[in-house]
Amino acid sequence: MAGWWDAPVTVLKSVGDRRAEQFARLHIRTVGDLLRHYPRHYEDWSHPVSIASAPFGEPCCVRATVLTAPEERRVRPGMVLYRFSAGDGASRMTVTLFNNRFLAARIRPRKTYLFYGPVTGGFTRREMASPQIEEAPETGGLPRLRPVYRQTEGLSSHVIEGCVRQALEGLEREMPADPLPEALRRKEGLCSLKDALNRIHFPEDEAALEAARRRLVYEELLVLQLGMLTLKSRARGEAGARITEGYTAEFFARLPFSPTGAQRRAIEECLEDMASGRPMSRLIQGDVGSGKTAVAAGVIHAMVRNGWQAALMAPTEILAEQHVRSLSALLGDSVRVGLLTGSLPAAQKRETLAALASGELQLAVGTHALLSEGVRFARLGLVVTDEQHRFGVEQRARLAAKGENPHLLVMSATPIPRTLALILYGDLDVSVLDELPPGRTPVATYAVGSDKRERAYGYVRRHLDQGRQAYLVCPLVEESGGEDGLPAESDLASAVRMRDELQAGPFRGYRVGLLHGKMKPAEKEQVMTAFSAGDIGLLVATTVVEVGVDVPNAVLMVIENAERFGLAQLHQLRGRVGRGKWPSTCILISDARNEEARRRLRVMCETCDGFRIADEDLKLRGPGDFFGRRQHGLPSLRIADLAGGDMTLFRRAQDAARALIDEGFRPFGPGTEEWGDDPALPLLAEQVRRLFEQVGGQGLN
């Protein structure tokens, strides 16, 4: 698409440099970006109601005639009210405008207007505060559904609406070709892109809106699946590091426990992939404590015994160090394990790099440091990434590029709804660990207000007195700065301050430790070693303990300001306890009044099922915000709603994408223009490339 579609928004009459900067905050830089900025919802002006029948507190459209001229009243410096009466022949209402002299000057007695907004008051008195107001048409139809857009400071929905109208007018003169082939549109009963854009912004009725939305959702999901399936099909056609023997009996004999059926099945699926002659691309997905590390150990064991090296990448140094300890215990002397992180001393790093390059070191466990240019392997056959949602597709591709088409094993301790897994991991096969190892106990969860904090602390002290341990998680390191993407607000608990207050107050005489992301690696290691050994009773921490910390003697998790966390993160934090033989408890302290926050806490109290929690989290936050970060490699979905009923369209789009791939369609790399005479296919390929630019382009060009 070129020309008007790709023109900067400054070509619009009302958009100068300052407004262009405001649009940029919404990721809108071109006319095409603006037209793809779809309304969040719509206001229905097409069915005005009488004043008497207007529902209290709900936005509605009221048709009424102005009875009195607006009366100005200055209530305080900087605040001026304008009040007037309006009626419909049967009832009257008072309309109040705040600091809107321009609108008040346009209101004329005896003229009829449409007022849009919530009606308040009692049974005999009706009011509307700051409604939208338009003159009622004397003849012809009423205004229909009006778009409401996501906005930013200085850029209202009304201004965006005006700019969209200009953009659509220009599109009438210079409409690019449709990126969906005409034959596909006819087969699926989809309208053209031109009609879809006009109707999604300014629908004539609900039917027109639904037709537009269906077309745009289908296109978005088709584009996404074409990208993901291209990755998968490219991998399928290449030979990987093939193994000839799985050594499963040998590995299982080494384990100090009996693996679950799900663990055995996942290992066998991986070994079957690795013996097939093509690179494995598999996701191991399981709830907290389902035994993913043991599965990874089994796969690594087989790879090394067949003469290959392996690499495991974790998002944090604490988790990488935890994996070194866990894997060393599971693999014993059959595999030499080395650690590679950014904070490793220079001499130790040189030794590790040399051992990797020579093949002497068989398993490298590390952070993003594994991606460094100086890291070379003698014979890399397997790449494992843990907590995959912390990495983009590009990052795992960069690590894989250090071998010759190595096998890929992805692990995620964040349960992902099946609907989202289909999108996020469309280029991977999936193994699910749906059994918990023996000894894992359910964690009782309670949500309490801050007025119950002292009782909660007493509960913690009783367990510390019995020799058990506890975590207390706060969302901030210090009051002046935030961590983990949370705002720095003085009313949030500070881990540093809280540790000091707890040590001096309710936990005087107990050893209280502190762990947060700004500590030096050596300091973190010292604290975790002391906590694991039982020398620290209460560990005050930020979400750095979300993953990788395994202390069976810890039986209590107290989370301050619990409303500040997403469901998935709360579930991860709760998973740090319940790992031993003692009953465990999670206490969520929150004074949240927001209904969505209350709903999250209720879900946590009702279930420990990570997949149910993930489904609820997806419903609450949508795919784009599911992980609370933009590091997970998922391109942003502008209009599709997989949690809200678009799965049928997803399956149809996925089938169409597979058919196009089978016919030779490739959006990436050379030969992308050799698809015959259909003008839609190059545009469709361009759509795929643009979408995947959001996550680094995958390194596929």
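1. Details of the confidence of the model for the protein chain
- Across the protein chain, the average pLDDT comes to 84, with 85% of residues at 70 or higher.
- Predicted confidence is poor over residues 477-493, with pLDDT under 50, and the contacts of this stretch with residues over four places away or in other chains come to 47 contacts.
- When the criterion is pLDDT under 50, residues 695-701 qualifies, and its contacts beyond four places in sequence or with other chains add up to 18 contacts.

2. Brief notes about the packing of aromatic side chains
- Applying the stated criterion to the full structure yields 7 aromatic pairs.
- With centroids separated by 5.3 Å and ring planes inclined at 15 degrees, the aromatic side chains of Trp45 and Tyr116 adopt a geometry described as stacked. Here Tyr116 lies in strand E6 (residues 112-121) and Trp45 lies in the loop between strand E1 (41-44) and strand E2 (59-66), a separation of 71 residues in the sequence. Each member of the pair, Trp45 together with Tyr116, is buried.
- Summarising the aromatic geometry, the rings of Tyr113 and Phe115 are spaced 6.2 Å apart at their centres and angled 55 degrees between planes, so their arrangement reads as tilted.

3. Section: the nonpolar core
- Counting 63 residues, the largest nonpolar core has Phe23, Leu34, Leu35, Tyr218, Leu222, Leu226 and Leu684 as the members making the most contacts within it.
- By residue number, the principal contributor to this core is helix H7 (residues 206-236), which donates 12 residues.
- Ignoring anything within four residues of it in the chain, the contact list for Leu222 reads Leu180, Leu184, Ala653, Ala656, Ala657, Leu660 and Leu684.
- Judged by nonpolar contacts, the second largest core, of 60 residues, contains Val324, Leu344, Leu361 and Val383.

4. Regarding the sheet that holds strand E22 (residues 538-541)
- With parallel pairing, the 6 strands of this open sheet are ordered in space as E17-E24-E23-E18-E22-E21. On the outer flanks of this sheet lie strand E17 (443-448) and strand E21 (512-515), each paired with one strand and no other. Strand-to-strand twist of the sheet, defined as the mean angle between neighbouring strand axes without regard to direction, takes the value 20 degrees.
- In terms of strand pairing, strand E18 (residues 469-473) meets strand E23 (residues 554-559) through 5 bridges, oriented parallel. Across the sheet, Tyr471 pairs through a bridge with Met557, a residue of E23.
- Against the sheet, helix H15 (residues 453-465) makes contact with E18, E22, E23 and strand E24 (584-589), and its axis sits at roughly 165 degrees relative to E23, the strand it touches most.
- Packing of helix H19 (residues 595-606) onto the sheet brings it into contact with E17 and E24, and relative to E17 it is tilted by some 150 degrees.

5. Quick word on a negative patch on the surface
- Taken together, the side chains of Asp44, Glu204, Asp205, Glu206 and Glu210 make up a negatively charged region of the molecular surface.
- With respect to the helices and strands, Glu204 occurs in the loop between helix H6 (193-201) and H7.

6. Some words on the sheet that holds strand E12 (residues 337-340)
- Reading across the sheet, the 7 strands line up as E12-E13-E11-E14-E15-E10-E16 and stay open at both edges, with parallel pairing between neighbours. Of all the strands in the sheet, the pair left with one neighbour each is E12 and strand E16 (429-433). The sheet shows a mean angle of 20 degrees between the axes of neighbouring strands, direction not considered.
- Both E12 and strand E13 (residues 363-366) contribute to a ladder of 4 bridges, which runs parallel. Bridging from a neighbouring strand, Leu340 pairs with Gly366 of E13.
- Its contacts with the sheet place helix H10 (residues 292-305) against strand E10 (281-286), strand E11 (309-313), E13, strand E14 (380-385), strand E15 (407-412) and E16, and it is angled at close to 170 degrees to E15.
- The sheet contacts of helix H11 (residues 317-331) involve E11, E12, E13 and E15, and relative to E13 the element is tilted by about 150 degrees.

7. Some points on the side chain of Thr445
- Tracing the sequence through the fold places Thr445 in strand E17.
- A residue is classified by how much of its surface remains accessible, and Thr445, at 8% relative accessible area, is buried.
- A distance of 3.3 Å separates the side chain of Thr445 from the backbone oxygen of Val443, its partner in a polar contact.
- Of the polar contacts made by the side chain of Thr445, one reaches the side chain of Arg574; its length is 2.8 Å.

8. A look at the environment of Leu353
- Tracing the chain through its elements places Leu353 in helix H12 (residues 346-358).
- Assessed through its relative accessible area of 23%, Leu353 is described here as partly exposed.
- Between the C-alpha atom of Leu353 and that of Gly338, which follows or precedes it by 15 residues, the distance is 9.5 Å.
- For Leu353, the residues in contact, after removing those within four places along its chain, are Leu340, Gly374, Val375 and Arg376.

Conventions adopted
Here, residues in each chain are numbered from 1, in the same order as that chain's written sequence. Totals for whole chains, interfaces and linings use all residues, but because this is a predicted model, local features are given only for residues with pLDDT of at least 70 and pairs of side-chain atoms are given and counted only at 80 or more. For side-chain calculations, the full set of non-hydrogen atoms in the structure is used, while hydrogens and water are omitted. Per-residue confidence from the prediction method is given by pLDDT, with values spanning 0 to 100. Any two residues whose heavy atoms approach within 4.5 Å at even a single point are treated as in contact. Planes of paired rings set the category: under 30 degrees apart is stacked, over 60 is edge-to-face and the rest tilted, where pairs are Phe, Tyr or Trp rings (Trp by its six-membered ring) whose centres lie within 6.5 Å. Helix and strand definitions here come from DSSP, where helices need a minimum of 4 consecutive H or I residues and strands a minimum of 2 consecutive E residues; each element is numbered from the N-terminal end. To sort residues, take the accessible area from a 1.4 Å probe on protein chains only and compare it with the maximum for the residue type: under 20% means buried, over 50% means exposed, and anything in between is partly exposed. Definition of nonpolar core: a set of buried residues of the types Ala, Val, Leu, Ile, Met, Phe, Trp, Tyr and Cys, connected through side-chain atoms within 4.5 Å. Each pair of strands is called paired provided DSSP finds at least two bridges between the two strands. Every axis corresponds to a line fitted to the C-alpha atoms, with the helix fit spanning only the stretch in contact, and the corresponding angles, defined between N-to-C directions, vary from 0 to 180 degrees. Within the patch definition used here, like charges are joined within 9 Å and nonpolar side chains (Val, Leu, Ile, Met, Phe, Trp, Tyr) within 5 Å, considering only residues with over 30% relative accessible area and no salt bridge. Residue-level accessible areas treat just the shown protein chains as cover; the underlying method is Shrake-Rupley with a 1.4 Å probe. For this document, the term salt bridge refers to a Lys or Arg side-chain nitrogen within 4 Å of an Asp or Glu carboxyl oxygen. All tallies of charge rest on Lys and Arg as positive and Asp and Glu as negative; His and the ends of each chain are not included. Charge positions come from single atoms, namely NZ of Lys, CZ of Arg, CG of Asp or CD of Glu. Definition of a polar contact: a pair of N or O atoms within 3.5 Å, with one able to donate and the other able to accept a hydrogen when the atoms are protein atoms, and with sequence-neighbouring residues admitted only if both atoms are side-chain atoms.

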